[in-house]
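A structural walkthrough
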Amino acid sequence: MGVKRMISRRKAIKLGLASTALGVVGATKITHSWGREMLMPTPAEVEGPFYPITDQHDKDADLTLIAGHKKHANGQPIIIEGTVTDINGMPVNHAVIELWQANASGKYNHPRDPNPAPLDPDFQGWAVINSDRNGFYSFKTVKPGAYPATKTWIRPPHIHFKISGNNCRILTTQLYFPDEPLNEADLLLRNKSLKEQSAMIAKFVGKYEDMIKFSYNIVLMPG
Ligand SMILES: [Fe+2]
């Protein structure tokens, strides 16, 4: 079934992904009107038209391998990992993280996706996972392809998220990838401030054999 188990806290610290109160790596700190320092919440973004509507059995943390299939999904394997915290930097444990994305060719497993690109029968495309007791989460997938949203607008590679956690507001957002030429022209991403864009673009961590690792820390608003 693949990487169901979350990466250990010790390993997370080694990778620089751990969070302590207000010490989330890469998070933007803001000072509130009453002088208290807090983390900038991860900016929200639209859900988009391709939220999954056909239920599927396998929604685990390895989207590159569907339970019972022998073949892995096509595309560049990647790992995304990070923490879910509140604006005070406290870990949100057992947050529910739902994610969905296009396959490596830019096609969603959704009946209303008009993109003529092929479906990949071995790509899971949708997962529902949890952060651990330290707010840490991790999943394996393939890098999503870019796809045409209109005749003149190509959406850059991105992953959709919906995250809910204890005493926090539900966040719907989209993760982007660093160094993507299409990011700059994206009609959604370019509407955000540079600080917000920086929070929405995952950070490159490293290459491990055939795998590329990115970190993406999520900060939730109080509910
Ligand atoms: Fe999308």
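Scroll up a little and you will see the structure.
Thresholds, definitions, all that
Starting afresh in each chain, residues are numbered from 1 along the sequence in its written order. This being a predicted model, a pLDDT of at least 70 is required before a residue's local features are given, and a value of 80 or more before pairs of side-chain atoms are given or counted; all residues contribute to the totals for chains, interfaces and linings. Hydrogen atoms and water are omitted, and side-chain values are computed over all heavy atoms in the structure. One speaks of a salt bridge when a side-chain nitrogen belonging to Lys or Arg is within 4 Å of a carboxyl oxygen belonging to Asp or Glu. Accessibility here uses a 1.4 Å probe with only protein chains present; expressed as a share of the type maximum, an area under 20% marks a residue as buried, one over 50% as exposed, and anything in between as partly exposed. Helix and strand definitions follow DSSP, with helices as H or I runs of at least four residues and strands as E runs of at least two, each counted in order from the N terminus. Note: two strands are recorded as paired if DSSP finds a minimum of 2 bridges between them. Two aromatic rings, drawn from Phe, Tyr or Trp (for Trp, its six-membered ring), form a pair once their centres lie within 6.5 Å of each other, and the interplanar angle then sorts them: stacked below 30 degrees, edge-to-face above 60, tilted otherwise. Throughout this description, a polar contact denotes any pair of N or O atoms lying within 3.5 Å of each other; where both atoms belong to protein, one of them has to be capable of donating a hydrogen while the other can accept it, and for residues adjacent in sequence the pair is counted only when both atoms sit in side chains. In what follows, residue pairs with any heavy atoms lying within 4.5 Å of each other are defined as contacts. Coordinating donors are taken to be N, O and S atoms lying within 2.8 Å of the metal, or within 3.2 Å when the metal is Na, K or Ca; because water is excluded from the atom set, some sites may appear incomplete. Only two sets of limits are used to name each site, 85 to 135 degrees for every angle of a tetrahedral four-donor site, and over 155 degrees for opposite donors with all other angles from 65 to 115 for a square planar four-donor or octahedral six-donor site, with any other site named irregular.

1. Remarks on the pattern of salt bridges
Tallied over the full model, the rule gives 7 salt bridges. Between Lys59 and Asp55 there is a salt bridge whose closest N-O contact spans 2.8 Å. Overall, the relative accessible area of 24% leaves Lys59 in the partly exposed class. A relative accessible area of 59% means that Asp55 is categorised as exposed. In this structure, the salt-bridge partner of Lys213 is Glu81, at a minimum N-O distance of 4.0 Å. Taken together, the residues span a long stretch of sequence, with Lys213 in strand β12 (residues 211–215) and Glu81 in strand β3 (residues 77–86) at a distance of 132 residues. Judged by relative accessible area, Lys213 falls into the buried class, the value being 8%.

2. Observations regarding the pairing of strand β6 (residues 136–142)
Of all the 7 residues making up β6, 7 are buried; the element is thus mostly covered by neighbouring parts of the structure. Residues Phe136, Ser138, Lys140 and Val142 line one face of β6 and the alternating positions Tyr137, Phe139 and Thr141 line the opposite face, and both faces are buried. As defined by bridge partners, β3 adjoins β6 across 7 bridges and the pair is classed as antiparallel. Each residue of the ladder has a partner; that of Pro77, found in β6, is Val142.

3. Quick look at the packing of aromatic side chains
Under the criterion given, the structure shown has 9 aromatic pairs. Between Phe161 and Tyr216 the ring centres are 5.4 Å apart and the planes differ by 35 degrees, which places this aromatic pair in the tilted class. Residue Phe161 is found in strand β9 (residues 158–164), and its partner Tyr216 is found in the loop between β12 and β13 (218–220); the two are separated by 55 residues along the sequence. Taken individually, Phe161 and Tyr216 each receive the classification buried, so the pair is uniform in this respect. Where Phe177 meets Phe214, the ring centres are 5.2 Å apart and the plane angle is 80 degrees; that geometry is what we call edge-to-face. Of this pair, Phe177 sits in the loop between β10 (171–176) and α2 (194–200) while Phe214 sits in strand β12, and the two are 37 residues apart along the sequence. Overall, the relative accessible area of 0% leaves Phe177 in the buried class.

4. Here we look at the side chain of Asn103
Among the secondary structure elements, Asn103 is positioned in the loop between β4 (96–100) and β5 (126–130). By relative accessible area, Asn103 is classed as buried at 2%. Within the local environment of Asn103, its side chain forms a polar contact with the backbone nitrogen of Ser105, the two atoms lying 2.7 Å apart. A distance of 3.1 Å separates the side chain of Asn103 from the backbone oxygen of Pro118, its partner in a polar contact. Once residues within four sequence positions are removed from consideration, Asn103 is found in contact with Pro118, Leu119, Asp120, Phe123, Pro144 and Gly145.

5. Focus on the coordination of the iron ion
Protein-derived ligands of the iron ion are Tyr108 (OH), Tyr147 (OH), His158 (NE2) and His160 (NE2), with the metal-ligand distances lying across 1.9 to 2.2 Å. Viewed at the metal, the 4 donor atoms of the iron ion are separated by angles of 91 to 161 degrees, and the geometry they form is irregular. All donors of the iron ion belong to a single chain; written as a sequence motif, their spacing is Y-x38-Y-x10-H-x1-H. With Tyr108 in the loop between β4 and β5 and Tyr147 in strand β7 (residues 147–148), the pair connects residues that are 39 residues apart, well separated along the chain. Taken individually, Tyr108 and Tyr147 each receive the classification buried, so the pair is uniform in this respect.

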